Amino acid sequence: MCIRDSFLNNDILIPKSGWLKKLVETIESNSRIAIVGCKLLYPNNLIQHAGCFLSKSFLSTLQVFYHRGRFESANKYSQIESVPAVTFATALAKKDLVGKLDESYKMGYFEDMDKCCEVRKNGLEIYYNGNVQLYHYESATLYKLPLKYWRKHQLNNCLLFRSRWLEWLTKDLKKNPQFYGWSETDLKKLI
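Residues numbered from 1 in each chain as written. Predicted model: local features only at pLDDT ≥ 70, side-chain atom pairs only at ≥ 80, totals over all residues. Heavy atoms only, no water.

A. Main features of the nonpolar core. Core analysis: the biggest nonpolar cluster contains 43 residues, and Ile35, Leu54, Phe65, Phe161 and Leu169 have the highest contact counts within it. Of all elements in the fold, only strand 3 (33–41), strand 5 (52–54), strand 8 (90–94), helix 3 (111–121), strand 9 (125–136) and helix 4 (147–175) reach the threshold of two or more residues within this core. If one sorts the elements of this core by residue count, helix 4 sits on top with eight residues. Counting residues in hydrophobic clusters, the runner-up holds 13 residues, among them Val24, Ile27, Leu92 and Tyr127. (Core = buried A, V, L, I, M, F, W, Y, C linked by side-chain atoms within 4.5 Å. Buried < 20%, exposed > 50% of the residue type's maximum accessible area, 1.4 Å probe, protein only. Helix = DSSP H or I, 4+ residues; strand = E, 2+ residues; numbered from the N terminus.)

B. Region of the structure containing the packing of aromatic side chains. What the rule picks out here adds up to seven aromatic pairs. Summarising the aromatic geometry, the rings of Phe53 and Tyr66 are spaced 6.4 Å apart at their centres and angled 40° between planes, so their arrangement reads as tilted. Of the two residues, Phe53 is situated in strand 5 and Tyr66 in strand 6 (residues 65–67); the sequence distance between them amounts to 13 residues. Of the residues examined, Phe53 reaches a relative accessible area of 7% and is grouped as buried. We classify Tyr66 as partly exposed; its relative accessible area is 26%. Between Phe179 and Tyr180, the aromatic rings sit 5.6 Å apart at their centres with planes inclined by 85°, giving edge-to-face as the arrangement. One exposure class covers both Phe179 and Tyr180, and it is buried. In this structure an aromatic cluster arises from ring pairing among Phe65, Phe110 and Phe161. Here the guanidinium or amino end of Arg68 rests over the ring plane of Tyr128, the centre of that ring lying 5.3 Å away. (Phe/Tyr/Trp six-rings, centres within 6.5 Å; stacked < 30°, edge-to-face > 60°. Lys NZ or Arg CZ within 6 Å of the ring centre and 35° of its normal.)

Coordinates in, geometry out; function isn't part of it.
Right under this line is the structure:
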């Protein structure tokens with residue numbers, strides 16, 4: 001039996017039963033899958049997250065990953081597939097393969113991307129199940145805190161992530177740009 005851990009933010013609305021069973025089935029379908037995430041929707045039924053892909057400006061801006069499908073129709077990206085990363089606003093992980101999140105990251109920014117990079121660097125896979133749709137009131141708790149406070153942690157976490165992973169991400173991107181949502185043309189612009 002696979003020992004699992006789940007991540008579920010306190011600003012998630014679960015509209016239907018059976019969602020967790022679908023994530024469990026996905027993660028147990030292949031021994032190399034360490035993490036599985038799902039489609040997250042805004043309350044207005046537009047996509048907030050359909051997997052995370054590498055930003056075209058990841059070397060020059062603070063945005064390293066972006067949420068695919070953001071503000072697009074909820075009926076898009078309804079497949080099950082391997083992806084570079086998923087947000088841990090809702091995710092299921094194999095505890096024995098994933099371990100703990102790094103507590104160097106504060107206030108809920110970048111610890112999920114850090115763990116996804118670590119998992120993939122170790123040769124394991126991350127999956128997205130677009131058949132599971134939950135609602136995410138993104139950062140509802142953080143927005144209750146003073147802006148200066150959480151922005152500081154967001155910046156510090158981003159800098160920590162970049163120092164750890166930019167070199168590895170660049171090398172991995174060059175091996176398989178399409179996996180990260182890039183074309184060969186995009187890659188040539190980087191080099």
